[in-house]
Amino acid sequence: MSEPSFQDDVINELGDDKLTEIAGLLGTDATGARDTIATTVGAMTGDLQQKADTDDDDGHEVRQAFAEVSEPPLQGVATLGGGLLSGGIMAGVLAKVSKPVAAAVSKKTGIPAPTVARVIELLIPVLLAVFAKRAAGKGAGAPQASGAPATGAAPGAAPGGGGLGDLLGQILGGGKK
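Conventions and cut-offs
Residues numbered from 1 in each chain as written. Predicted model: local features only at pLDDT ≥ 70, side-chain atom pairs only at ≥ 80, totals over all residues. Heavy atoms only, no water. Helix = DSSP H or I, 4+ residues; strand = E, 2+ residues; numbered from the N terminus. Buried < 20%, exposed > 50% of the residue type's maximum accessible area, 1.4 Å probe, protein only. Contact = heavy atoms within 4.5 Å. Areas by Shrake-Rupley, 256 points an atom, 1.4 Å probe, with all protein chains shown as cover. Phe/Tyr/Trp six-rings, centres within 6.5 Å; stacked < 30°, edge-to-face > 60°.

Undergrad: What exactly am I supposed to notice about the overall build of the protein chain here?
TA: Scanning the protein chain from N- to C-terminus turns up 6 helices and 0 strands. Along the protein chain, helices (α) and strands (β) appear in the sequence α-α-α-α-α-α when read from the amino end. Per-residue burial over the protein chain gives 36% buried out of 177 residues. Long-range pairs, those at least 24 residues apart, make up 71% of the contacts in the protein chain between residues at least 6 apart in sequence. Total accessible area on the protein chain is roughly 9700 Å²; 55% of this is exposed by carbon and sulfur atoms.

Below you can see the structure in the form of structure tokens.
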């Protein structure tokens, strides 16, 4: 039994209406849209993984964004006007990588970069939803910090081992090469 790829999860989360909208934007059929989405999502997750592996400000920001995604969702009134799907660190990280990813996908596919950028804009909320679903489904086995809630530090993140790094690989589906 094989697990669906991250790209498959994104395409499934999109649904037929958004897939048709993206196909129209690209001037192609559903198969062409799926191929472009898979290429774009692969480039984005690859860029995120690469950044997460660095020990600079970008790497810290990406790891912090994945820590935010892996935390349980807020319940009740606290979710009004906020929460992961309305923004958060991950949305900002995805927005930052969108321009270089659009350029790379454009170069690879021949689709104009502004068109790819528009596809990415449509994909960001879907990516956030898939990240959250994967984190919720896989995060149960992730080590937890002490009972206190995290205040800016990545929960369970120890430099160089387990915890968040494993979760990152699980969420992106690229844990083992």
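Here the narrative resumes.
Undergrad: Whenever I open this one, the packing of aromatic side chains confuses me. Can you help?
TA: The description of two aromatic rings rests on the distance between their centres and on the angle between their planes. For the structure shown, the criterion picks out 2 aromatic pairs. Between the aromatic rings of Phe-66 and Phe-131, the centroid separation amounts to 5.2 Å while the plane-to-plane angle is 70°, which identifies the pairing as edge-to-face. Here the residue Phe-66 occupies a position in helix 3 (residues 57-70), and Phe-131 occupies one in helix 5 (residues 113-138), the gap between them amounting to 65 residues. Looking at Phe-131, the relative accessible area reads 1%, which means it is buried. Members of the aromatic cluster, each reached through a chain of ring pairs, are Phe-6, Phe-66 and Phe-131.

These figures capture arrangement, not role.
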